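Residue-level listing of the chains:
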Amino acid sequence: MATVELNNVKKRFGPIEVIHGVSTKIKDGEFIVIVGPSGCGKSTLLRMVAGLESVSEGEISISGKTVNDLEPMDRDIAMVFQNYALYPHMSVRENMGYGLKIAKIPKAKIEEKVNAAAKLLQLDEYLDRRPRDLSGGQRQRVAMGRAIVRKPSVFLFDEPLSNLDAKLRVQMRLEIRDLQNRLGITALYVTHDQVEAMTMADRMIVMNGGRVEQIGTPLEVYETPQTLFAAQFIGSPSMNVFETTVQNNTLSIGDITVPVNTEAKGKVTTGMRPEHVIVDDSGPLSITVQMGEPLGANTLLHGRLDGTSNAFTISLPGVHYAVAGQVIRFSVDPKYMHFFDMESGHRIR
């Protein structure tokens, strides 16, 4: 079991700084998801924890021990990669036990550990197969089994589900989270999929351009995003945002005014989540529908917010039918409105 602490960690490639001072403390047994778009630095940060990338500045510690200068094998971590990284000429049994063999663990002990991990991952009947004879989900289980047999202090996952189809990703999300709960091992999990982050994380680290936008539980980030980026990145479909003016607790959108309770003043960016819209024939706001997306459990209506040039999406529970050109009037409870400074993008209470 282990804690992981990052203290002002930075990474430079030559003169270019790609990680701009990340600091956080991860508790023993916590499942942390590092989420952000491609190129935001999340995998680089994970590789720095693993020892696969050097730290340009700052300090990384595991269980109170600084590991900046330690080799990966000396950090008591295990990493599961996106592409499984299995040896194609070895059986499942050999792949899972190879790290222990290199560490010169006795054969009987290796067999015991591999069998225990295979049972945990429901791989018992596949131990003598080779990777080419397995499905994507089974290969991912083998990669996880190889990590489990080492009994590391920290699990590191680098987008492990991105090669799987949608249904299998859902299944593997549940399996990984259940496995981590049962083993109680501290885990860092990198993904660009905000649904994975929302459903798996104890806490998430939202990154953008090598900087941390917000650290918090999934519901904290969803309900009180601290930056405009976090607000739009977390939540599906994305939060609607548009320019407004607020004066004396009155929000102005074009010629429409709505009472609000906020410290915001002047021109601000206002956000409304599609699922918080209430269709209301006497509502002060309206959109002109351009397209509807019936998804079964809910329906998305896409259009333009009347009085502005902004795209706007409404999410309604159940099946609804709307045609292009139809006007939908609606209201939003002011407690579900979010306000952000137009220059910094930071949240305004």
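What counts and how
Residues numbered from 1 in each chain as written. Predicted model: local features only at pLDDT ≥ 70, side-chain atom pairs only at ≥ 80, totals over all residues. Heavy atoms only, no water. Helix = DSSP H or I, 4+ residues; strand = E, 2+ residues; numbered from the N terminus. Buried < 20%, exposed > 50% of the residue type's maximum accessible area, 1.4 Å probe, protein only. Contact = heavy atoms within 4.5 Å. Areas by Shrake-Rupley, 256 points an atom, 1.4 Å probe, with all protein chains shown as cover. Lys, Arg positive; Asp, Glu negative; His and termini not counted. Charge placed at Lys NZ, Arg CZ, Asp CG, Glu CD. Salt bridge = Lys/Arg side-chain N within 4 Å of Asp/Glu carboxyl O. Axes fitted to C-alpha atoms, helices over the stretch in contact; angles between N-to-C directions. Parallel < 35°, antiparallel > 145°, perpendicular 65-115°, else oblique. Left-handed = near helix turned anticlockwise from the far one by under 90°. Nonpolar A, V, L, I, M, F, W, Y, C, P; charged D, E, K, R; others polar. Pairing = 2+ DSSP bridges.

## Some words on the overall build of the protein chain
Okay, step 1: Scanning the protein chain from N- to C-terminus turns up eight helices and 21 strands.
Okay, step 2: Judged by the C-alpha coordinates and their principal axes, the protein chain covers about 75 × 45 × 35 Å.
Okay, step 3: Considering the protein chain as a whole, with its 349 residues, one finds that 47% of them fall into the buried category.
Okay, step 4: In the protein chain, 66% of the contacts between residues at least 6 apart in sequence involve partners at least 24 apart.
Okay, step 5: Accessible area for the protein chain stands at about 16900 Å²; split by element, carbon and sulfur atoms hold 49% of it.
Okay, step 6: Side-chain charges of the protein chain comprise 39 positive and 40 negative groups, with the mean position of each set lying 6 Å from the other.

## Digging into the pattern of salt bridges
It is possible for side chains bearing opposite charge to pair when their charged atoms get close.
Okay, step 1: Inspection of every chain in the model, using the stated rule, returns 14 salt bridges.
Okay, step 2: With a closest N to O distance of 3.9 Å, lysine 109 and glutamate 112 form a salt bridge. With lysine 109 and glutamate 112 both in helix α3 (residues 107–120) and three residues apart, this pair spans about one turn of that helix.
Okay, step 3: Its relative accessible area of 37% is what places lysine 109 among the partly exposed residues.
Okay, step 4: Across the pair arginine 177 and aspartate 202 runs a salt bridge whose closest N-O atoms are separated by 2.4 Å. Here arginine 177 is found in helix α5 (residues 166–183), whereas its partner aspartate 202 is found in the loop between α6 (194–200) and β9 (203–208), with 25 residues between them in sequence.

## Thoughts on the packing of helix α2 (residues 92–102) against α3
Okay, step 1: The N-to-C vectors of α2 and α3 enclose an angle of 135°; their axes lie 10 Å apart at closest approach. Between α2 and α3, the interaxial angle falls into the category oblique. You can see that α2 and α3 cross each other, and the crossing is right-handed. Residues Arg93, Met96, Gly97, Leu100 and Lys101 of α2 form the contact with α3, whose participating residues are Ile110, Glu111, Lys113, Val114, Asn115, Ala117 and Ala118.
Okay, step 2: In terms of residue class, the contact of α2 with α3 is made up of six nonpolar, two polar and four charged.

## Overview of the packing of α2 against helix α4 (residues 136–148)
Okay, step 1: One way to put it is that α2 packs onto α4 with a least axis distance of 7 Å and a crossing angle of 35°. Helix-helix and strand crossings are classified by hand; for α2 and α4 the assignment is right-handed. Contact residues: Val92, Asn95 and Met96 in α2; Val142, Gly145 and Arg146 in α4.
Okay, step 2: Residue composition of the contact of α2 with α4, grouped by class: three nonpolar, two polar and one charged.

## Concerning the sheet that holds strand β19 (residues 327–332)
Picture the strands of a sheet paired through backbone hydrogen bonds; they go either parallel or antiparallel.
Okay, step 1: Ordered by their spatial adjacency, five strands build an open sheet running β15-β19-β16-β17-β18, and the pairing between neighbours is antiparallel. Across the chains shown, the open sheet's two edge strands, defined by having one partner strand only, are β15 (277–279) and β18 (311–317). If you compare each strand with its neighbour and ignore which way they point, the axes differ by 45° on average.
Okay, step 2: Pairing geometry for strand β16 (residues 285–294) and strand β17 (residues 298–305), over seven bridges, is antiparallel. Bridge pairing in β17 links isoleucine 287 to leucine 305.

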